[in-house]
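Examination of the molecular architecture
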Amino acid sequence: MRSIIYLVIGIFFGIVLFKSEAASWFRIYEMFQFGSFHMYGIIGSAVGLGIITIQGFKKFKIKSVDGTSIHIAPKEKSVSRYIFGGVIFGLGWALAGACPGPMFVLLGAGYLPIIVAILSAILGTFLYGVLKDKLPH
Amino acid sequence: MNWMYDPWPWYVSGPLIALVMFLLLMFGKKFGMSSNLRTMCTICGAGKTSDFFRFDWKAQRWNLIVAFGVVIGGFIAKNFLSTDTSVELNPEVITELQAKGFASAGQAYLPELLFSNTAFSDPKIVLILIVGGMLVGFGARYAGGCTSGHAISGLSDLQLPSLVAVAGFFIGGLIMVHIIFPLIF
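Just so you know, these numbers come straight off a predicted model, no measurement behind them.

Conventions and cut-offs
Along each chain, residue indices are assigned from 1 in the same order as the chain's sequence is written. Key to labels: chains lettered from A, ligands numbered from 1, both in the order written. Per-residue local features of the predicted model are confined to residues with pLDDT of at least 70, and side-chain atom pairs are confined, for both listing and counting, to 80 or more; whole-chain, interface and lining totals are unaffected and use all residues. Values reported for side chains reflect all heavy atoms of the structure, with hydrogen atoms and water molecules removed beforehand. For every residue, the predictor assigns a confidence score, pLDDT, that lies between 0 and 100. Grid spacing is 1 Å over the protein atoms alone, the probe is 1.4 Å, and a cavity is where that probe fits but cannot get out, while a pocket is an open set with protein on both sides within 12 Å along at least five of seven lines and lining residues have an atom within 4 Å of a point. Grid points are joined across faces, edges and corners, and a volume is the space filled by probe spheres set on the points. A run of DSSP states H or I qualifies as a helix once it reaches four residues; a run of E qualifies as a strand once it reaches two. Both are numbered from the N-terminal end. Only C-alpha atoms enter the line fits that serve as axes; for helices the fit covers just the stretch in contact. Angles between N-to-C directions range over 0 to 180 degrees. Crossing handedness is defined as follows: a turn of the near helix away from the far one that is anticlockwise and smaller than a right angle gives a left-handed crossing, while the clockwise case is right-handed. Here a residue-residue contact requires only that any non-hydrogen atoms of the pair lie within 4.5 Å. Classes in brief: Ala, Val, Leu, Ile, Met, Phe, Trp, Tyr, Cys and Pro nonpolar; Asp, Glu, Lys and Arg charged; the others, Gly included, polar. Here roughly perpendicular refers to angles of 65 to 115 degrees, roughly parallel to angles under 35, roughly antiparallel to angles over 145, and oblique to all remaining angles. Throughout, the accessible surface (probe 1.4 Å) given up by two parts as they are put together, summed over both, is called the buried area. Here a salt bridge means any side-chain nitrogen of Lys or Arg lying within 4 Å of a carboxyl oxygen belonging to Asp or Glu. Side-chain atoms alone can form a polar contact between residues adjacent in sequence; in general such a contact is a pair of N or O atoms within 3.5 Å, and within protein one must be able to donate a hydrogen while the other accepts it.

Here chain B shows a mean pLDDT of 97. Residues at 70 or above account for 99%. Across the predicted assembly, pTM comes out at 0.97 and ipTM at 0.97.

Right, here's the structure in full:
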């Protein structure tokens, strides 16, 4: 039963990403050229509403449907891993024109070359796992 | 119902993305797409090489199901919820992209140069997709999250590390588009 709920949430998210054009390489390029408010509006309004949601969860001590408390695990303290990791991710985001969510969307939409990017993203994740202890964190 | 078939404006899309995060939290889960890449490594046996991949991947099954849903969502949106998928970009950006060889700018959802099936026969394009993908996968895990985990979830929770990561995403993107693109396109 739960699996069906997760599947429906995923389908909904995939539709939103495609229809919002957040999965378009062109929109990502345009964002980094400061050519349009579109992507900033999407991320900004999602975060704005997200902040209100999370603050609401905390203030009213909202529980999940299973009765557990809701919280987003705090990220570990560091600056270097977020800067280095973030910049590397950003380079790839602009080059491939897609982050992980949109990669799955584009696969479903039938743009087959994205398979190359997805397999490479899995390989990149693997490389991080192998090199992790040698990197500054 | 025409609005459904047109591209959705940011003020509809952004709140709907927040709704996705809300729903996942209400079901006791979290919003993070790139974690699936790590799970896929584990399923492929990467635990033999690095303890980073030694975890019970079945606990992440729900997220793989979400990702599978995203694939289906992409199929539905493209084939049943869109009439014209061309992206109406800023005209200046279109001119600039066309000068760089992106003839389909303004007329398609993705650049044909990179994402039509002819891309497979051009080694330079394949290399671009490989490098782009690897940077995304490597960087997301190094930074501990991608756009959904850091930019949406982390910032919504007012977490400072996520702000640093998102600043990093933008610095990387700006370097790619403004400094590296002129060298490769």
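Another point: the layout of surface pockets. One number sums up the size of the largest pocket: a volume of about 580 Å³. Taken together, 26 residues form the lining of the largest pocket, with Lys75 of chain A together with Lys30, Ser35, Arg141 and Gly144 of chain B sitting closest to its centre. Listed by contribution, the elements that provide at least two residues to the lining of the largest pocket are α4 (80-96) of chain A together with α3 (35-43), α7 (123-143) and α8 (147-156) of chain B. For the lining of the largest pocket, the element with the most residues is α3 of chain B, which contributes 3 residues.

Quick look at the packing of helix α5 (residues 100-109) of chain A against helix α6 (residues 114-131) of chain A now. Residues and elements named next belong to chain A. Interaxial distance between α5 and α6 falls to 9 Å at its minimum, and their mutual angle equals 145°. In this structure, α5 crosses over α6, and the sense of that crossing is left-handed. Of the residues in α6, those touching α5 at Met103, Leu106 and Leu107 are Ile114, Ile115, Ala117, Ile118 and Ala121. Looking at the contact of α5 with α6, its residues break down into 8 nonpolar, no polar and no charged.

Turning our attention to empty space enclosed by the protein. In this approach a probe as big as a water molecule rolls over the atoms, and the regions it shows empty are the leftover space. What the rule picks out here adds up to 3 cavities of 30 Å³ or more. Within this model, the largest cavity holds a volume of roughly 180 Å³. Looking at the largest cavity, it is lined by 18 residues, and the ones nearest its centre are Leu17, Ala22 and Cys99 of chain A together with Ile17 and Thr147 of chain B. If you list the elements that add at least two residues to the lining of the largest cavity, you get α1 (2-19), α3 (38-59) and α5 of chain A together with α8 of chain B. Residues of the lining of the largest cavity, tallied by class, amount to 15 nonpolar, 3 polar and no charged.

Attention shifts here to the packing of α3 of chain B against helix α4 (residues 61-80) of chain B. All names here are of chain B. Axis separation between α3 and α4 bottoms out at 10 Å; the angle between their running directions is 115°. Viewed along their axes, α3 and α4 adopt a mutual orientation that is roughly perpendicular. Here α3 runs over α4; the crossing is left-handed. In this structure, α3 contributes Ser35, Asn36, Thr39, Met40 and Ile43 to the contact, and α4 contributes Asn63, Leu64 and Ala67. Its residues placed into classes, the contact of α3 with α4 shows 4 nonpolar, 4 polar and no charged.

Once that is clear, we can look at the interface of chain B and chain A. Taken together, the contact pairs 126 residues of chain B with 108 residues of chain A. For chain B, the biggest contributors to the area lost against chain A are Phe27, Tyr109 and Tyr142 of chain B; these three give 9% of the whole. Taken together, the connections running from chain B to chain A amount to 1 salt bridge. One salt bridge connects Lys58 of chain A with Asp157 of chain B, and the closest N-O pair in it is separated by 2.9 Å. Applying the counting criterion to the chain B and chain A interface returns 27 residue pairs in polar contact (both at pLDDT 80 or more). Broken down by element, the side of chain B that touches chain A gets its largest block of residues, 18 residues, from helix α9 (residues 160-184) of chain B. Its residues placed into classes, the side of chain B that touches chain A shows 83 nonpolar, 33 polar and 10 charged.

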